[in-house]
Amino acid sequence: MNLTRTSTSANDAPGLLYAGFNQDYGCFAIGLDNGFRIYNCDPMIEQARNESDSGGIMLVEMLYRTNYLALVGGGRNPRYPPNKVIIYDSIKAKPVLELEYKNEVKNVKLRRDRLTVVLQNKVFVYHFSLHPELLHTFETCDNEKGLAAVSASPNHAILIIPGKQRGHLQVVDLNSLGYYSTQDDIRADNNKSTSRRSANVSIIAAHSGKLSCLALNQDGSRCATASDKGTLVRVFNTATGTLLNELRRGMDRAEIFAIAFNQDSTRLCVSSDKGTIHVFNLDPSVVIQAEHKPRGPTYGEVVVYPTQSSSPGLTHSGNRASALSFMKDLLPKYFSSEWSFANAKIVTESKCLIAFGEQKNTFIAICADGSCYKFYFDPRKGGECTRESFERFLKRE
């Protein structure tokens, strides 16, 4: 969540430029006008701090819980030029690598084996090491927000970025990038003139409007997208491009700040500038399991569990539906929409970053006003979430 590229609010914490989770959502980092800090999520504990008069940091990308961070300078007095990516070693307390570009860096994504740098209209993918090797360059439409997401799974390396056309999404198999190891590999791909592999890229026409938010699940098999209209969130199969779910956040236009999958991709969390966080079900089995607890059958008894939720007012996936959804074939598409299963309200309506928590049926919200919320939702009834904790990671001076 880069706060330098969104409209400011009176509730925003002074000096806060950036907030972002690490790959397993167990930690988060914040960029400040005088440095950066690292926190553990649950319980919320400050783990590291680097602050000085040498300038601001507008992006902090963690690599799990390792000592390597990707930093980009920003704010009124940037610590590093905004067109440079700095790989910082927190043990040595100094930069160990820097990459320079002609234009401002919009985003950086790290995997243990890949480094992805996002500019306004280009994305550079490197083999990640202290001597990075450029594997591929992709072109995109204008990407002021630096939209990009990378899967965290060590076995499935997927990158999603905006396409060249508005509303389109590029799905990149990062393992397909690089060089052939032998001439036999080259001939097998009918490409004798070069030793570079062709990238495995597919295109998904996700929205008619401009993309405003992207997310991937852990293994990269599912992606979620929202447009600048902000009323619908769509979930796709990244391998086939098939639309799996179309979820309605609301009726009015909104700016969606964050989308997050849970660990097993059965639920999705969405935050927007309306101050409401929505939780959607993606898999009907989660509702069935919550409503019907399996038990051992008695002798001679045949037990048949239903294939869908029998709760009134819910869709097959367990989300809320319009009372007129039974007439969906006769009414406009709006009446067949799937609405959120559960929701929570941020009182200050601050911009917030979200992630499902380690504790079952919980999620965490990191807000631009310097606050951290933990909410619990009822897996069977849904509805209004319960606030379990509230803390401030950044206090107003």
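Rules of the game
Residues numbered from 1 in each chain as written. Predicted model: local features only at pLDDT ≥ 70, side-chain atom pairs only at ≥ 80, totals over all residues. Heavy atoms only, no water. Helix = DSSP H or I, 4+ residues; strand = E, 2+ residues; numbered from the N terminus. Contact = heavy atoms within 4.5 Å. Areas by Shrake-Rupley, 256 points an atom, 1.4 Å probe, with all protein chains shown as cover. Phe/Tyr/Trp six-rings, centres within 6.5 Å; stacked < 30°, edge-to-face > 60°. Lys NZ or Arg CZ within 6 Å of the ring centre and 35° of its normal. pLDDT = per-residue confidence, 0-100. Buried < 20%, exposed > 50% of the residue type's maximum accessible area, 1.4 Å probe, protein only. Core = buried A, V, L, I, M, F, W, Y, C linked by side-chain atoms within 4.5 Å. Salt bridge = Lys/Arg side-chain N within 4 Å of Asp/Glu carboxyl O. Pairing = 2+ DSSP bridges. Axes fitted to C-alpha atoms, helices over the stretch in contact; angles between N-to-C directions. Lys, Arg positive; Asp, Glu negative; His and termini not counted. Polar contact = N/O pair within 3.5 Å; in protein donor to acceptor, adjacent residues only side chain to side chain.

Caption draft 1: Layout of the overall build of the protein chain. Within the protein chain one finds 2 helices and 31 strands. Considering only intrachain contacts with a sequence separation of at least 6, the fraction spanning at least 24 residues in the protein chain is 44%. Counting only carbon and sulfur atoms, one obtains 48% of the accessible surface of the protein chain, whose full area is about 18,800 Å².

Caption draft 2: Geometry of the packing of aromatic side chains. Scanning all chains against the criterion turns up 11 aromatic pairs. An aromatic cluster is built from Phe21, Tyr25, Phe28, Tyr39 and Phe393, whose rings are joined through pairwise contacts. In this arrangement the basic side chain of Arg112 is found over the ring face of Tyr64, its NZ or CZ atom lying 4.3 Å from the centre.

Caption draft 3: Layout of the confidence of the model for the protein chain. Within the protein chain, residue pLDDT values average 85, and 80% of them lie at 70 or more. Ignoring residues within four places in sequence, the model shows residues 298-312, a span with pLDDT below 50, making 17 contacts including any to other chains.

Caption draft 4: Looking closely at the side chain of His207. Secondary-structure assignment places His207 in the loop between strand E16 (200-205) and strand E17 (211-216). The buried category is assigned to His207, whose relative accessible area is 8%. When residues no more than four places from it in sequence are discounted, the contact partners of His207 are Arg166, Gly167, Thr225, Ala226, Ser227, Leu232 and Arg234.

Caption draft 5: Structural context of the nonpolar core. Core analysis: the largest hydrophobic core is formed by 35 residues, its most contacted members being Phe28, Ile30, Ile277, Phe363, Ile366 and Phe393. Within the residue set of this core, elements represented by two or more residues are strand E1 (16-21), strand E2 (27-32), strand E23 (276-281), strand E26 (342-345), strand E27 (352-356), strand E28 (362-367) and strand E29 (371-376). Residues Phe36, Leu69, Tyr80 and Tyr101 belong to the second largest nonpolar core, which totals 34 residues.

Caption draft 6: Seen up close, the pattern of salt bridges. With the rule as written, the count across this model stands at 14 salt bridges. Among the ionic pairs, Glu104 bridges to Lys106, the shortest N-O distance being 3.8 Å. Residue Lys106 is classed as buried on the basis of its relative accessible area of 6%. In this structure, the salt-bridge partner of Asp113 is Arg111, at a minimum N-O distance of 3.0 Å. It is possible to trace a salt-bridge network through shared partners that takes in Arg37, Glu46, Arg49 and Glu51.

Caption draft 7: Structural detail: the sheet that holds strand E5 (residues 56-62). With antiparallel pairing, 4 strands are arranged side by side in an open sheet as E5-E6-E7-E8. Because the sheet does not close on itself, it has two edges, and the strands there are E5 and strand E8 (94-100). Here the strands of the sheet are splayed against their neighbours by 30° on average, with no regard to which way each runs. Pairing of strand E6 (residues 68-74) with strand E7 (residues 84-89) involves 4 bridges; the strand directions are antiparallel. Following the sheet pairing, Leu71 is matched in E7 by Ile86.

Caption draft 8: Broad picture of the pairing of strand E21 (residues 256-261). The buried fraction of E21 is high, at 6 of 6 residues. Between E21 and strand E22 (residues 267-272), which follow one another and run antiparallel, lie 5 residues, and Ser265 among them has a positive phi close to 60°.

Caption draft 9: Up close: the side chain of Arg79. With respect to the helices, strands and loops of the structure, Arg79 is situated in the loop between E6 and E7. Within the buried core, Arg79 has no salt-bridge partner, and the shortest N-O distance to an opposite charge, that of Glu51, equals 8.1 Å. A distance of 3.2 Å separates a polar side-chain atom of Arg79 from the backbone oxygen of Asn34.

Caption draft 10: Expanded view of the sheet that holds strand E11 (residues 122-127). Pairing is antiparallel in the open sheet, where 4 strands are placed in the order E9-E10-E11-E12. Two strands in the sheet have a free side with no partner beyond their single neighbour: strand E9 (107-110) and strand E12 (133-139). Across the sheet, the mean angle from the axis of one strand to that of its neighbour is 15°, orientation sign disregarded. In this structure, strand E10 (residues 114-118) lies alongside E11, joined through 5 bridges in antiparallel fashion.

Caption draft 11: The arrangement of the pairing of E26 in detail. Summarising the sheet, E23 and E26 pair through 4 bridges and their orientation is antiparallel. Across the sheet, Thr276 pairs through a bridge with Lys345, a residue of E26. Examined bridge by bridge, E26 and strand E30 (residues 383-384) share 2 bridges and lie parallel to one another. By the bridge assignment, Asn343 is partnered in E30 with Glu384.

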